[in-house]
Amino acid sequence: MDAPTENHIPLTPAALHILLALADGERHGYGIMQAVAQFTGGQFTLGPGTLYRSIKQLLEQGLIAEAELRADPALDDERRRYYKLTGKGERALRAELARLDALVRVARSHGLMGDA
Amino acid sequence: MRQHSYLTRLCAAAYRTLLWLYPPRFRKEYGAEMALLFADLSRDAEKRHGAWGVFGLLVRAAFDTIYNSIGEWTMTLRQHWSRTLITLTGLAALVAVWVFMYLSMIVYTSLFLVPWDAMLSRPVEGSLAQIANDFFDGYGAFILSFLVLAINAAFFARAIHAGADAAALLWKFAIAGLVFIGVSWALAAGVGIYLSGIVWPHPVGRSDPGFHRSVFPVLMWLISYLFYLKLLMRFGRQDDTSAGFGATPVY
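Quick caveat: nothing in here was measured; it's all calculated off a predicted structure. (Residues numbered from 1 in each chain as written. Chains lettered and ligands numbered in written order. Predicted model: local features only at pLDDT ≥ 70, side-chain atom pairs only at ≥ 80, totals over all residues. Heavy atoms only, no water.)

**Here we look at the overall build of chain A**
Phase 1: A tally of helices and strands in chain A yields four helices and two strands.
Phase 2: Ordered by position in the sequence, the α and β elements of chain A form the string α-α-α-β-β-α.
Phase 3: Within chain A, the proportion of its 116 residues that are buried is 45%.
Phase 4: In chain A, 52% of the contacts between residues at least 6 apart in sequence involve partners at least 24 apart. (Helix = DSSP H or I, 4+ residues; strand = E, 2+ residues; numbered from the N terminus. Buried < 20%, exposed > 50% of the residue type's maximum accessible area, 1.4 Å probe, protein only. Contact = heavy atoms within 4.5 Å.)

**Let's talk about the overall build of chain B**
Phase 1: For chain B, the count of helices and strands is nine helices and zero strands.
Phase 2: Ordered by position from N to C terminus, the α and β elements of chain B give α-α-α-α-α-α-α-α-α.
Phase 3: Counting over 251 residues, chain B shows a buried share of 47%.
Phase 4: Taking contacts inside chain B between residues at least 6 apart in sequence as the whole, the part at least 24 apart equals 74%.
Phase 5: Just so you have it, chain B exposes about 12,900 Å², and 71% of that area is on carbon and sulfur atoms. (Areas by Shrake-Rupley, 256 points an atom, 1.4 Å probe, with all protein chains shown as cover.)

**Some words on a nonpolar patch on the surface**
Residue and element names in this part refer to chain B.
Phase 1: Among the surface-exposed residues, Val 183, Leu 187, Val 191, Leu 219, Leu 222, Ile 223 and Leu 226 lie close enough to one another that they form a single nonpolar patch of about 530 Å² accessible area.
Phase 2: With four residues, helix α9 (residues 209-235) is the largest single contributor of residues to the nonpolar patch.
Phase 3: With respect to the helices, strands and loops of the structure, Ile 223 is situated in helix α9.
Phase 4: Taking relative accessible area as the criterion, Ile 223 reaches 44% and is therefore assigned partly exposed. (Patch = residues over 30% accessible without salt bridge, like charges linked within 9 Å, V, L, I, M, F, W, Y side chains within 5 Å. Salt bridge = Lys/Arg side-chain N within 4 Å of Asp/Glu carboxyl O.)

**Some details on the packing of aromatic side chains**
Phase 1: Inspection of the entire model under this criterion finds eleven aromatic pairs over all chains.
Phase 2: Aromatic pair Phe 26 of chain B and Tyr 30 of chain B: ring centres 5.2 Å apart, planes at 45°, arrangement tilted. Note that Phe 26 of chain B and Tyr 30 of chain B are positioned in helix α2 (residues 24-80) at a spacing of four residues, about one turn of the helix.
Phase 3: Given a relative accessible area of 4%, Tyr 30 of chain B falls into the buried group.
Phase 4: Connected via pairs of aromatic rings, a cluster forms that spans Tyr 52 of chain A together with Tyr 22, Phe 26 and Tyr 30 of chain B.
Phase 5: For Lys 230 of chain B, the ring lying beneath its charged end belongs to Phe 63 of chain B, and the centroid distance is 4.8 Å. (Phe/Tyr/Trp six-rings, centres within 6.5 Å; stacked < 30°, edge-to-face > 60°. Lys NZ or Arg CZ within 6 Å of the ring centre and 35° of its normal.)

**Some words on the nonpolar core**
Phase 1: Within the largest apolar cluster, 42 residues are counted, with the highest numbers of intra-cluster contacts made by Ile 18, Ile 32, Leu 51, Tyr 52 and Ile 55 of chain A together with Met 34 and Phe 38 of chain B.
Phase 2: When contributions to this core are tallied by element, the ones reaching two or more residues are α1 (13-22), α2 (29-39), α3 (48-61) and α4 (87-109) of chain A together with α1 (6-18) and α2 of chain B.
Phase 3: Among the elements that take part in this core, α2 of chain B stands out by supplying 13 residues, more than any other.
Phase 4: Within the second largest apolar cluster, 39 residues are counted, among which are Ile 70, Ala 159, Ala 174 and Ala 189 of chain B. (Core = buried A, V, L, I, M, F, W, Y, C linked by side-chain atoms within 4.5 Å.)

**Some details on the layout of surface pockets**
Phase 1: If you add up the space inside the largest pocket, you get close to 960 Å³.
Phase 2: Elements represented by at least two residues in the lining of the largest pocket include exactly α1, α2 and α3 of chain A together with α2 and α9 of chain B.
Phase 3: In terms of residue count, α2 of chain B provides more of the lining of the largest pocket than any other element does, twelve residues in total.
Phase 4: Counted by class, the lining of the largest pocket contains 18 nonpolar, seven polar and eight charged residues. (1 Å grid on protein atoms, 1.4 Å probe; cavity = no way out; pocket = protein on both sides within 12 Å on 5 of 7 lines; lining within 4 Å. Points joined across faces, edges and corners; volume = space filled by probe spheres on them. Nonpolar A, V, L, I, M, F, W, Y, C, P; charged D, E, K, R; others polar.)

**Digging into the packing of α1 of chain A against α4 of chain A**
Residue and element names in this part refer to chain A.
Phase 1: Relative to each other, α1 and α4 sit at 120°, their axes nearing to 10 Å. One way to sum up the angle between α1 and α4 is to call them oblique. Handedness of the α1/α4 crossing: left-handed. Listed contacts from α4 to Leu 16, Leu 19 and Leu 20 of α1 are Gly 89, Leu 93, Glu 96, Leu 97 and Leu 100.
Phase 2: Here the contact of α1 with α4 is composed, by residue class, of six nonpolar, one polar and one charged. (Axes fitted to C-alpha atoms, helices over the stretch in contact; angles between N-to-C directions. Parallel < 35°, antiparallel > 145°, perpendicular 65-115°, else oblique. Left-handed = near helix turned anticlockwise from the far one by under 90°.)

**What about the packing of helix α3 (residues 83-112) of chain B against helix α6 (residues 140-161) of chain B?**
Residues and elements named next belong to chain B.
Phase 1: The contact between α3 and α6 brings their axes to 8 Å, and the two run at 150°. For the element pair α3 / α6, the angle class is roughly antiparallel. Regarding α3 and α6, the two cross each other, and that crossing is right-handed. Facing Leu 94, Trp 98, Met 101, Tyr 102, Met 105, Ile 106, Thr 109 and Ser 110 of α3, the residues of α6 in contact are Ala 141, Phe 142, Leu 144, Ser 145, Phe 146, Val 148, Leu 149, Asn 152, Ala 153 and Phe 156.

**A few points about the confidence of the model for chain A**
Phase 1: Residues with a pLDDT of 70 or more make up 84% of chain A, whose mean pLDDT is 86.
Phase 2: When the elements of chain A are averaged for pLDDT, strand β1 (residues 64-71) of chain A gives the smallest value, 82, and α1 of chain A the largest, 94. (pLDDT = per-residue confidence, 0-100.)

**Thoughts on α3 of chain A**
All names here are of chain A.
Phase 1: Compared with an ideal rise of 1.5 Å per residue, which puts 14 residues at 20 Å, α3 spans 20 Å between its outermost C-alpha atoms and is within 8% of the ideal.
Phase 2: For α3, a buried count of eleven out of 14 residues is recorded, marking the element as mostly surrounded by other parts of the structure.
Phase 3: Gly 62, located one to two residues past α3, shows a positive phi value of around 80°. (Expected span 1.5 Å × (residues − 1).)

What follows is the structure, encoded as structure tokens:
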């Protein structure tokens, strides 16, 4: 039986960013890094080793799954492995974002952050 | 189709060599993807910042590889050994590496730290200058070596206090220490010896062999040591993926 979603919370920063990058659809490794750089404004970067070790653990946890091997026409004709978010991964991502949202609301109530 | 320049291909080849640091199973599963990813990143880096951008990427990737390969090897240990065995062997490995590091430091500083008067190429006068002379010529090696070990022990304690898994941390520090010894001798001694002119004449070393014989090897050693300290600092962080997800280490 799969472990409950709460066993995967809190996610590491690397895992959170990877799951967020895959929320929009399937991506290969380079695509994940580009997406993370784009939505963090370059503030959060993943090295290749950190990325693929995180991918390996996310696969083992069942939070992501491998999609087909195919080429990215925007890059070159090398076949790349794509990854996608699973249902379990989406639930873990939502649970983690809810946890962070609760923290942000507490911070706002203490005047530590500006209004939304 | 986007083209890879010669520089990009060269750095990609260097990165593929670094991938051999990972455990065989991990390398077989993800090595090709990681090499392809690095090629993409180096192409972008070259486009934005030229050759220096690619070199900077390779240095960051080398650190990323060393850090993550150590983590991946400790995870491999966890899958095959009991926690007790990992702790006992890790402790033995760490003690052995630290003794080796201490002796290596003694030899290194004794080889490359010349007396102060030799560095300045003139006799020294005054009590402070004499103290500096004695330091570089005598007990300095022991003090520096002891300081290095004390700093390592402090980082280890800091990582334990931050909640890092002690058993895996022993092996991480041991492997990192071995990497540091290898890199510091290869890089610092190699570059330092070459520039100091000890083995064969060099324009830099020829002008003042005493000073350059000390400065370049020590400078290269310092760069290696800072690289090593950055590695040790990361081992205690909560986002160390080898600790697993959530608050509980995966065992």
